[in-house]
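# Notes for the structure review
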Amino acid sequence: MNAQQTPSAVTLPRAESSPAGKRSRLSSSTAAKIALIPATIITVVCFYVFVGWTIVISMTKSRLLPVYNFVGFDQYRRLFANDRWWTAMENLAIHGTLFIVGCTLIGYVLAILLDRGTRCEGLFRTVFMLPLSMSFIVTGAIWQWLLNPTLGIQDAVRDLGWTDFVFNWIVRPDRAIYTLAFAGIWQQVGMSMALFLAGLRGIDPNIWKATRVDGIPTWRVYVNIITPMLRPVFFSVFVLLSALVLKSFDLVVALTGGGPGFASDLPARFVVDHILNRQELGLGAAGAFMMLCTIAAVIAPYMYYELRTSRKEA
């Protein structure tokens, strides 16, 4: 061996290319796949199998109990001819739009204010997050009391001297659906705020330093730079809130009972009512499947856009 040869000239085998390294990677990959087996089984059984069973039942004459005498799309024809179903779908559109937009905008603004170094940040975070600890049943009961014309906000304001003040939306067929949005936003805005605040805290501080050097106004930084960077957070918030809107049942039951009449009815309550109270299992299953189609129609294009954009950026 040449005495002038330096240690750097000696080439050592890479650990990851050695047989031991390959076996280590293989065992880690196998362990990860094994760990995913229970979750995969639960997902397949609890979601896909039951979705398939719901589709099958929706094509039968099932009433109190499942029966497998198929009638094709008769239950769907009955569903689409049901005025209550279309009222529930219209209410879903109103409630969903107000709830998602309200939670997103208010949560984002609150997150920005907290991120700007507000005093007593911990106190404000606790106040905004506290409603999340309550169930929708409790939230509905609280807001039912607040909106009761003889006990709540209207009565309190009248006691202060404004005897002509009227706030009786909960008993008005044309306004009752909006009370659901009030209660839902009050409970879930803390979740949106927390997600946006986490996203804002992950922004590189050098971006703010550069914008201050360039003299860019703060509002333009948020609109043109920060908000586009938080697109994945907006997507997460949208998906979570959409799921909450679609399965809104307990809030409706506790706050308005779907009334007056069916003025604040939602598809989830329609389905549960027909399956449990009216012994219309087939019709309820058809409504449940249409709910799934509705959420898929709303989320799928947005997911496709996000995945396509992510691939382009990659």
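Keep in mind that what you see is a predicted model, and the values were worked out from it rather than measured.

### So, the packing of aromatic side chains
In the structure shown here, the tally under the stated rule is 14 aromatic pairs. On the basis of an interplanar angle of 90 degrees and a centroid distance of 4.9 Å, the ring pair of phenylalanine 47 and tyrosine 48 is categorised as edge-to-face. The class for tyrosine 48 is exposed, based on a relative accessible area of 54%. Grouped by ring-pair contacts, the aromatic residues Phe167, Trp169, Tyr178 and Phe182 constitute a single cluster. Positioned above the aromatic ring of tryptophan 208, the side-chain terminus of arginine 116 is 5.3 Å from the ring centre.

### Some remarks on the packing of helix 3 (residues 83-115) against helix 9 (residues 218-229)
In the contact formed by helix 3 and helix 9, the axes pass within 14 Å of each other and the chain directions differ by 100 degrees. As judged from the angle between their axes, helix 3 and helix 9 are roughly perpendicular. Counting all contacts with helix 3, which are made through Tyr108, Ile112 and Asp115, the residues of helix 9 involved are Tyr222, Ile226 and Thr227. Considering only residue class, the contact of helix 3 with helix 9 consists of four nonpolar, one polar and one charged.

### Section: the nonpolar core
Nonpolar side chains in soluble globular proteins tend to be buried together. Within the largest apolar cluster, 53 residues are counted, with the highest numbers of intra-cluster contacts made by Phe99, Tyr108, Leu200, Ile226 and Leu241. In terms of residue count, helix 3 provides more of this core than any other element does, eleven residues in total. When neighbours within four sequence positions are excluded, tyrosine 108 is seen to be in contact with Phe196, Leu200, Tyr222, Ile226, Thr227, Leu230 and Phe234.

### Description of the pattern of salt bridges
Counted according to the given criterion, the structure contains ten salt bridges. Salt bridges linked by common partners bring Arg84, Asp265, Arg269, Asp273 and Arg278 together as one network.

### A closer look at helix 8 (residues 205-214)
Among the residues of helix 8, the N-terminal cap falls to aspartate 204, whose side-chain oxygen and the backbone nitrogen of asparagine 206 are separated by 3.1 Å. One or two residues past the end of helix 8 sits glycine 215, with phi positive at roughly 75 degrees.

### Brief notes about the confidence of the model for the protein chain
Here the protein chain averages 84 in pLDDT, and 90% of its residues register 70 or above. The weakest mean pLDDT in the protein chain belongs to helix 1 (residues 19-57) at 77; the strongest belongs to helix 2 (residues 74-80) at 93. In the model, residues 1-16 has pLDDT below 50 throughout and makes five contacts with residues more than four positions away in sequence or in other chains.

### Notes on unusual backbone geometry
Proline 260 follows glycine 259 through a cis peptide bond whose omega is 0 degrees. Note that proline 260 resides in the loop between helix 11 (250-255) and helix 12 (267-277). With phi around 55 degrees, glutamine 279 is a residue other than glycine that occupies positive phi space. By the element assignment, glutamine 279 lies in the loop between helix 12 and helix 13 (281-313).

Criteria and thresholds
- By convention here, each chain's residues receive numbers from 1 onward along its written sequence.
- Reporting in this predicted model follows two pLDDT cut-offs: at least 70 for local features of residues, and 80 or more for side-chain atom pairs to be given and counted; totals over whole chains, interfaces and linings ignore these cut-offs and use all residues.
- Here the side-chain values reflect all heavy atoms present in the structure, with hydrogen atoms and water set aside.
- Pairing of aromatic side chains requires ring centres within 6.5 Å, counting the rings of Phe and Tyr and the six-membered ring of Trp. Pairs whose planes differ by under 30 degrees are stacked, by over 60 edge-to-face, and all others tilted.
- The cut-offs for exposure are 20% and 50% of the maximum accessible area for each residue type, with area from a 1.4 Å probe on protein chains only; residues under the lower value are buried, those over the upper are exposed, and the others partly exposed.
- Cation placement over rings: the criterion is NZ of Lys or CZ of Arg within 6 Å of the ring centroid and within 35° of the ring normal.
- Structural elements are reduced to axes, namely lines fitted to C-alpha atoms, with helices fitted over the stretch in contact, and the angle between N-to-C directions of any two is expressed from 0 to 180 degrees.
- Numbering of helices and strands runs from the N terminus; a helix is a DSSP stretch of H or I covering at least four residues, while a strand is a stretch of E covering at least two.
- Angle categories: roughly parallel below 35 degrees, roughly antiparallel above 145, roughly perpendicular from 65 to 115, and oblique for all the rest.
- We call two residues contacting when some pair of their heavy atoms lies within 4.5 Å.
- Here the term charged refers only to Asp, Glu, Lys and Arg, the term nonpolar to Ala, Val, Leu, Ile, Met, Phe, Trp, Tyr, Cys and Pro, and the term polar to all other amino acids, Gly among them.
- We call a set of buried residues a nonpolar core when its members are Ala, Val, Leu, Ile, Met, Phe, Trp, Tyr or Cys and they connect through side-chain atoms within 4.5 Å of each other.
- The rule for a salt bridge is simple: a side-chain nitrogen of Lys or Arg has to be within 4 Å of a carboxyl oxygen of Asp or Glu.
- Under the rule applied, a polar contact is a pair of N or O atoms within 3.5 Å (in protein, one hydrogen donor and one hydrogen acceptor; residues adjacent in sequence only if both atoms are side-chain atoms).
- Think of pLDDT as the predictor's per-residue confidence, scored from 0 to 100.

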